[in-house]
Every structure is written in C-alpha cells, then in structure tokens.
Amino acid sequence: MSLLEVREVTKTYSLKNRYGRTSQKNEVVNNVSFSLNRDTCLGLIGESGSGKSTLVKIILGLEKPDQGEVRFRGKSLFKLHSHELKELRRDLQVVFQDCYNSVNPRLTIEEIVAEPLRNYEKMTAEQQRKKVQELLEIVCLHPDEMKKYPHQCSGGQLQRVNIARAIALKPKMILLDEPVSSLDMVVQADIIDLLADLRDMFQLSYLFISHDLHTVRYLADQLMVMDKGRIIETLNDMDQLDQLKHPISRELITTI
Ligand SMILES: Nc1ncnc2c1ncn2[C@@H]1O[C@H](COP(=O)(O)OP(=O)(O)OP(=O)(O)O)[C@@H](O)[C@H]1O
Ligand SMILES: [Mg+2]
C-alpha cells in the first residue's frame, strides 16, 4: 500500500472583481493523481505558479480540493474528524521555504523545537529539554543555540531548526516545499546532505518540491513535472533524466 495517494485532485480559486463578483476561475491544481511509497523521495518540479504549494496545502488538509481524494496510510484525509487528522499529522510533517515565517518569532529555538512534543507527547520539562538537545544535535546545531530567538539565527540555522521540529515525532513522511530555495548555494548543499542523512536515519519518505532540478536530483528517486496545475510528466528513475520528453521538462534539464 502507498504511504500517500493523491487521486484526481482539482482546486479552483475564484478571482473576484472590485464589485465582489466572480470574474474569473483559476484552475490551480487540475486533476492531479500520484502515489508515494515508503522510503521514497519523490521530486516535484515546476515553474513558479504551477500549483506546487497549493498541492502541499491540500495534502496537509489546509485547503480543501473541489474534487478528488488524498489518502495517507490508507485513510482519506477529508473524511477524518479533527482529532483523527491530528493523530495522522504526527506522521506527516512539513518544512516550508520561508524559514523565518515558519516559526513564532517570540519563541526561543528550544520552545520552537519542543512545540510538537508539547502537543503530542507527555513529557516532563527535563525530558523535553533533553529531547530538544538530542534533536538539535541530529541537525548539527550546538545546544547553546537553544536560548536564541529566530532573529538571532542565520537562514541555514533556522532551516535546521525547522527540520528538527519536523522530525521531533519521528514522522513517516515530510513534505519539503522548496526547503533550500531561500538559502545561498553552500548552505543549500549542507541542508540537502542533512536531509539525505535523515532520510536514511529515520526511513523517511519525502515529497521534495522545487522549481530547480539541480537540487531535486540529489535527493529524489522519482520525479514529477508540474505545469499550470497538471502533472505533465513523470519519471521513475532519476538516472534517465534524458528520457524526459515534454518541452517544459526539457527546458528544466537545460538548467542542470
Ligand atoms: N488563496 C489563493 N487565492 C487565489 N489564488 C491563489 C491562492 N493561492 C494560490 N493562488 C494562485 O495559484 C497559483 C499557484 O500558486 P502556488 O503557490 O501553488 O504555486 P507554486 O507552484 O508553489 O509557485 P512558487 O514556485 O512560486 O512557490 C498562482 O497563480 C497563485 O496566484
Ligand atoms: Mg510554492
């Protein structure tokens, strides 16, 4: 059984004119279907505005599709009660591109990483602190960083914090929505290496999203190309990138 199954998902946003009437319908995700197995990294690439982040929001249950179904571990997300969805979300985490906006600026790094532990685990303050220390170590951050606030961290450090928070509950899958796009090249490579190590360490599955094939190909086992809300091409073997046929996919290849 697939870990994640997305079936015929469609999402349309209505654009309203200044009188509040619907002037145009924008099909942002159009009949998208795919599945992702355990221990797999599926890369999703597409130009800006092709609908990648909207798809992530739908998979997380933050947006409801007009049509279609999302199943995680065999359970249909949109049929679950909120407490069932909360339980399922233990295993389905996310890391977004904008590391600063992904955290509460008023919390310390320790409090940020402890958030999921507070929400899901019954731990004493001491156990929680030890666990946060352990998680920071895994993402290669010094325990001294625990007392810092987000504005005192670099982008790379803060993305490591976001990753530490994402792995805190030992999830089965992480949605990575352009997790390195806002970082400089050297830091990008470090974070990609870290994600590769974590994948092995925790047998994680990733949906790795980017508009850049360059970063995706280091991690991904399989690839989907999205354009104007549709999956226009899929590849089951990253060693066969030259087999991509669609002109838009070919254009992406020229960037690597
Ligand atoms: N809440 C919304 N209401 C109306 N339109 C929206 C909404 N959210 C997204 N869109 C539109 O949907 C389209 C797809 O947006 P989305 O953020 O999913 O693209 P993306 O592929 O993630 O792009 P990027 O690579 O820039 O992050 C865009 O045209 C965007 O303007
Ligand atoms: Mg996006």
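This text goes with the structure placed above it.
In short, a report on the structure. (Residues numbered from 1 in each chain as written. Chains lettered and ligands numbered in written order. Predicted model: local features only at pLDDT ≥ 70, side-chain atom pairs only at ≥ 80, totals over all residues. Heavy atoms only, no water.)

Another aspect to go through is the layout of surface pockets. Looking at the largest pocket, its volume works out to about 400 Å³. Surrounding the largest pocket, 17 residues form its lining, Arg89, Gln93, Val94, Glu115 and Arg165 being those nearest its centre. Every element with two or more residues in the lining of the largest pocket is listed here: strand 6 (92-95), helix 3 (109-120) and helix 5 (155-167). The class makeup of the residues in the lining of the largest pocket is 10 nonpolar, 4 polar and 3 charged. (1 Å grid on protein atoms, 1.4 Å probe; cavity = no way out; pocket = protein on both sides within 12 Å on 5 of 7 lines; lining within 4 Å. Points joined across faces, edges and corners; volume = space filled by probe spheres on them. Helix = DSSP H or I, 4+ residues; strand = E, 2+ residues; numbered from the N terminus. Nonpolar A, V, L, I, M, F, W, Y, C, P; charged D, E, K, R; others polar.)

Near ligand 1, the surroundings consist of Tyr13, Asn26, Val28, Glu47, Ser48, Gly49, Ser50, Gly51, Lys52, Ser53, Thr54 and Glu178. Between ligand 1 and glycine 49 there is a distance of 2.8 Å, counted from an oxygen atom to a backbone nitrogen or oxygen. Those elements giving two or more residues to the shell around ligand 1 turn out to be strand 2 (22-36) and helix 1 (52-59). Considered class by class, the residues forming the shell around ligand 1 number 2 nonpolar, 7 polar and 3 charged. (Near = heavy atom within 4 Å. Polar contact = N/O pair within 3.5 Å; in protein donor to acceptor, adjacent residues only side chain to side chain.)

Strand order in the open sheet made by the 6 strands is 6-7-8-3-9-10, with mixed pairing throughout. Each of the sheet's edge strands pairs with one partner strand only, and the pair in question is strand 6 and strand 10 (230-235). Taking each pair of neighbouring strands and ignoring which way they run, the sheet shows an average axis angle of 20°. Where strand 3 (residues 41-46) and strand 9 (residues 222-227) come together, 5 bridges link them in parallel fashion. Following the sheet pairing, leucine 42 is matched in strand 9 by glutamine 222. (Pairing = 2+ DSSP bridges. Axes fitted to C-alpha atoms, helices over the stretch in contact; angles between N-to-C directions.)

What follows concerns the pattern of salt bridges. According to the stated counting rule, one finds 14 salt bridges in the structure shown. The closest approach of N and O atoms between lysine 228 and aspartate 227, which form a salt bridge, is 3.6 Å. When its relative accessible area of 64% is taken as the criterion, lysine 228 is described as exposed. Aspartate 227 sits in the buried class, given a relative accessible area of 13%. Look at the salt bridges and you will find they share partners, linking Glu5, Arg7, Glu69, Arg71 and Lys79 into a network. (Salt bridge = Lys/Arg side-chain N within 4 Å of Asp/Glu carboxyl O. Buried < 20%, exposed > 50% of the residue type's maximum accessible area, 1.4 Å probe, protein only.)

Let us now look at the nonpolar core. Judged by nonpolar contacts, the single largest core of 51 residues is most densely connected at Tyr206 and Leu223. Not counting the four nearest positions on each side in its chain, leucine 223 is found in contact with Leu42, Gly43, Ile45, Leu213, Val216, Glu233, Thr234, Leu235, Met238, Leu241 and Leu244. One finds Leu36, Leu44, Leu77 and Leu175 within the second-largest nonpolar core, a separate group that totals 29 residues. (Core = buried A, V, L, I, M, F, W, Y, C linked by side-chain atoms within 4.5 Å. Contact = heavy atoms within 4.5 Å.)

For strand 7 (residues 173-177), the buried fraction is high: 5 of the 5 residues fall into the buried class. Neither face of strand 7 is open: one carries Met173, Leu175 and Asp177, the other Ile174 and Leu176, and all of them are buried. Alignment of strand 6 against strand 7, held across 4 bridges, turns out to be parallel. Its bridge partner being in strand 7, valine 94 is matched across the sheet by leucine 175. In the sheet, strand 7 pairs with strand 8 (residues 205-210) via 5 bridges, with the strands oriented parallel. Residue pairing for strand 8: methionine 173 is matched across the bridge by serine 205. Crossover strand 7 to strand 8 through helix 6 (residues 185-202) is right-handed. (Right-handed = clockwise from strand over helix to strand, strands pointing away.)

Taken N-terminus to C-terminus, the directions of helix 3 and helix 4 (residues 125-138) make an angle of 110°; their axes are 9 Å apart at the nearest point. Overall, the two elements helix 3 and helix 4 adopt an arrangement that is roughly perpendicular. Two packed elements cross with a definite hand, and for helix 3 against helix 4 that hand is right-handed. For the pair helix 3 and helix 4, the contacting residues are Ile109, Glu110, Val113, Ala114, Leu117 and Arg118 in the first and Gln128, Arg129, Lys131, Val132, Leu135 and Leu136 in the second. (Parallel < 35°, antiparallel > 145°, perpendicular 65-115°, else oblique. Left-handed = near helix turned anticlockwise from the far one by under 90°.)

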